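Each chain is listed here by its residues.
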Amino acid sequence: MIRYLAQRFIAFVPILLGVSILIFLAIRLVPGNAIIAMLGTEAGMLTENQRRALEAYFGLDKPIVEQYFVWLGNAVQGNLGLSVRHGAPVLDVILARFPITLQLSVMAMTIALLIGLPLGVLSAVRHNSIIDLFGRLFALVGLAMPNFLLGTLIIFVLSVYFHILPNSGDYVSFAEDPSRNLQQMIFPAITLGFAFSASVMRTTRSAMLEVLGQDYIRTARSKGLREFVVNRRHALKNALIPVITIAGVELGYLLGGTVIVEEIFSLPGLGRLVFNAISQRDYALVQGIALFIAVNFVIINLAVDLLYTAVDPRISYASKN
Amino acid sequence: MPVKIEPPVERRRGQGLLPRLLRNRSGTVGLALVTFYLLVGLFGLLGITPRPSLEQVPRDRLKPPSEQYWMGTDIFGRDIASRLMEGAANSLQVALLSVATATLAGTLIGTTAGYVGGRFDNLLMRVMDVFFALPALLLALLVVTVLGPGLYSTAFAIAVVYTPIFARVARAPVLSVKEMEFVTATRALGLPEARILARHVLPNTLAPLIVQVSLALSWALLTEAGLSFLGLGTQPPQASWGVMLSESRGIAELAPWLMIFPGVAIMLGVLGWNLLGDGLRDVLDPRLRGRES
């Protein structure tokens, strides 16, 4: 097991290096100069020497390859550099925003599983019934409804019919005021969770249908077990693997892909941070966030693989000697 | 003496793709929606719209749907129906361009990697893994920022996201097909490797690729709208469904048609490509039938 984990972590290294090189090069291809972007119109008042001094301060005066290795050397020690825009260490800026995105993603996943799993199981068990039809329609709508449309729609309905504006700009953290925080987060979470629940439903349904056609299900039924027990203990447990996979993949994407929903609902999370950082050419911040998201992503993938062993004892990563 | 070796694929002669697709419910609905979308887009592209899409009629601002303006007008008095048609044309161009690029590049990378195998395969696939470790939207955002907003950079951004996916989809069947006897036979006949790959291996990997193309088009449509919604895709005053939806925010209380029509257009477009993809999968790849439908 430990050996397996070690192998997996070693396999992460090239991926993360690749991500960092990719982002490093990409962000430097963005037209414009970081210092000018930082100062805006005031950049015109800089003397040549002041500009050079600023570039030297942020390490932007060295050749690109050198900049990369300096950055990499610091990154492995947990120092992701300074954000030009925020005037603070990149890691601090990220960690201040990440809890919002994490909470949003976890809430969205919870909603998705609460709706998607039961609906998927019911659709499969009552194959071709009215429930199944409803479930499939739900999944199709969920699939076709982009989150910016659903988010816009939710805000529209709330403001016109209920006269509430879910977010008027001032975000409150869960620790400060749990009930207000949940009020602010629930609608963006529903927005993200809707499409997510559609893919959970589709996956659960198809996995259940496949399992329900197996011989051992017939055996379980023929020995007189109640339908509920057959469905839950024998079928659902075996159908969970693809569901876990899809939930993991979606969660991974959410942790880096909540940009649009955070924009619509004015939540100051990681998505908006990266959106702004890219347009403001905050090199260090974009690099830091991309690396952070990639690390999250590979860790979630690993967690998913480990979850398999918990669900299915036949899967084992212990070294076989 | 020319020897013709048939690949071990059941060729269902006399039964074209279309009739089989039409017997499939998802396929029929999907095909109908996609055809409608393509027609609307084509008219939009040719400029055959009820009114010029950029024409502003100040005295007819924010008019609800009527005989004169089928879908109402926006805040500048522009005809929504005409703008939707132009938006269809734009999103169609982006979707087709990006998916065509991604399909070509991804298939080339995937089949070559799978066929050559060994270190070359390993290296290419690890490079693809790097792209997979970044969320699709973030990657697209980055590309659009590097290239500047606009139709071509949106298309390129979507292509960058989808190339690794096509590479994986194309590679998997190559791994099994290349071990089959008929490939060994073609090699024994002394055919050049490139020809074996192009003429004998590739055709046997097409089914999953075609399905993926249809699904990719739905995602491309969504992403074009999403990037435009964020202000990074199609630039106003050019019409895009995403731009129109974004412009409806804040005044949808007064003029809900500003939000409803682009919203429905996006959903039907995405639904069409998705259903067509499902239908194609059922028809082309019966082993996957019933999954995820």
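Residues numbered from 1 in each chain as written. Chains lettered and ligands numbered in written order. Predicted model: local features only at pLDDT ≥ 70, side-chain atom pairs only at ≥ 80, totals over all residues. Heavy atoms only, no water.

A short note on the interface of chain B and chain A
You'll often see interface size given as the accessible area lost when the parts meet.
Okay, so step 1: If you look at the interface, chain B gives 40 residues, while chain A gives 43 residues.
Okay, so step 2: For the pair chain B and chain A, the two sides together bury roughly 3800 Å², of which 79% comes from carbon and sulfur.
Okay, so step 3: Connecting chain B to chain A are one salt bridge.
Okay, so step 4: The partner of D278 of chain B in a salt bridge is R202 of chain A, and the shortest N-O contact between them spans 3.8 Å.
Okay, so step 5: Elements represented by at least two residues in the side of chain B that touches chain A include exactly helix 4 (118–132), helix 5 (136–147), helix 9 (206–229) and helix 11 (257–284) of chain B.
Okay, so step 6: When residues of the side of chain B that touches chain A are assigned to their parent elements, the largest contribution, nine residues, is made by helix 11 of chain B.
Okay, so step 7: Of the residues belonging to the side of chain B that touches chain A, the class tally is 27 nonpolar, six polar and seven charged. (Contact = heavy atoms within 4.5 Å. Buried area = accessible area lost by both parts, 1.4 Å probe. Salt bridge = Lys/Arg side-chain N within 4 Å of Asp/Glu carboxyl O. Helix = DSSP H or I, 4+ residues; strand = E, 2+ residues; numbered from the N terminus. Nonpolar A, V, L, I, M, F, W, Y, C, P; charged D, E, K, R; others polar.)

Let's talk about the packing of aromatic side chains
Okay, so step 1: Across all of its chains, the model carries 13 aromatic pairs over all chains by this definition.
Okay, so step 2: An angle of 80° between the planes, with centres 5.1 Å apart, marks the rings of F24 of chain A and Y68 of chain A as edge-to-face. Linking F24 of chain A in helix 1 (residues 2–29) with Y68 of chain A in helix 4 (residues 64–75), this pair joins segments that are 44 residues apart in sequence.
Okay, so step 3: Judged by its relative accessible area of 2%, F24 of chain A is buried.
Okay, so step 4: With a centroid separation of 6.1 Å and an interplanar angle of 35°, the aromatic rings of Y68 of chain A and W71 of chain A are classed as tilted. Note that Y68 of chain A and W71 of chain A are positioned in helix 4 at a spacing of three residues, about one turn of the helix.
Okay, so step 5: The ring centre of F132 of chain B lies 3.8 Å from the NZ or CZ of R168 of chain B, which sits over that ring. (Phe/Tyr/Trp six-rings, centres within 6.5 Å; stacked < 30°, edge-to-face > 60°. Buried < 20%, exposed > 50% of the residue type's maximum accessible area, 1.4 Å probe, protein only. Lys NZ or Arg CZ within 6 Å of the ring centre and 35° of its normal.)

Some words on helix 2 (residues 25–46) of chain B
Residues and elements named next belong to chain B.
Okay, so step 1: The terminal C-alpha atoms of helix 2, which comprises 22 residues, lie 32 Å apart, in line with the 32 Å expected from a rise of 1.5 Å per residue.
Okay, so step 2: For helix 2, the N-terminal capping position is held by N24, with its side-chain oxygen 3.0 Å away from the main-chain nitrogen of S26.
Okay, so step 3: G47 occupies a position one or two residues after helix 2 and carries a positive phi of about 80°. (Expected span 1.5 Å × (residues − 1). Polar contact = N/O pair within 3.5 Å; in protein donor to acceptor, adjacent residues only side chain to side chain.)

Things to note about the domain arrangement of chain A
Residues and elements named next belong to chain A.
Okay, so step 1: Parsing chain A into structural domains produces domain 1 (2–88) and domain 2 (92–311).
Okay, so step 2: Computed over C-alpha atoms, the centres of domain 1 and domain 2 are 32 Å apart.
Okay, so step 3: Of the residues lining the interface, 28 residues belong to domain 1; the matching set on domain 2 comes to 22 residues.
Okay, so step 4: Surface buried jointly by domain 1 and domain 2 totals about 2300 Å² across both partners, of which 73% is contributed by carbon and sulfur atoms.
Okay, so step 5: Contact with domain 2 buries surface across domain 1, with L16, I27 and H86 losing the most and accounting together for 21% of the total.
Okay, so step 6: Along the contact surface separating domain 1 from domain 2 lie one salt bridge.
Okay, so step 7: In this structure, the salt-bridge partner of R8 is D305, at a minimum N-O distance of 2.4 Å.
Okay, so step 8: Connecting domain 1 to domain 2 are three residue pairs in polar contact (both at pLDDT 80 or more).
Okay, so step 9: With 13 residues, the top contributor of residues to the side of domain 1 that touches domain 2 is helix 1.
Okay, so step 10: Classifying every residue of the side of domain 1 that touches domain 2 gives 20 nonpolar, five polar and three charged. (Domains from an automatic or database assignment.)

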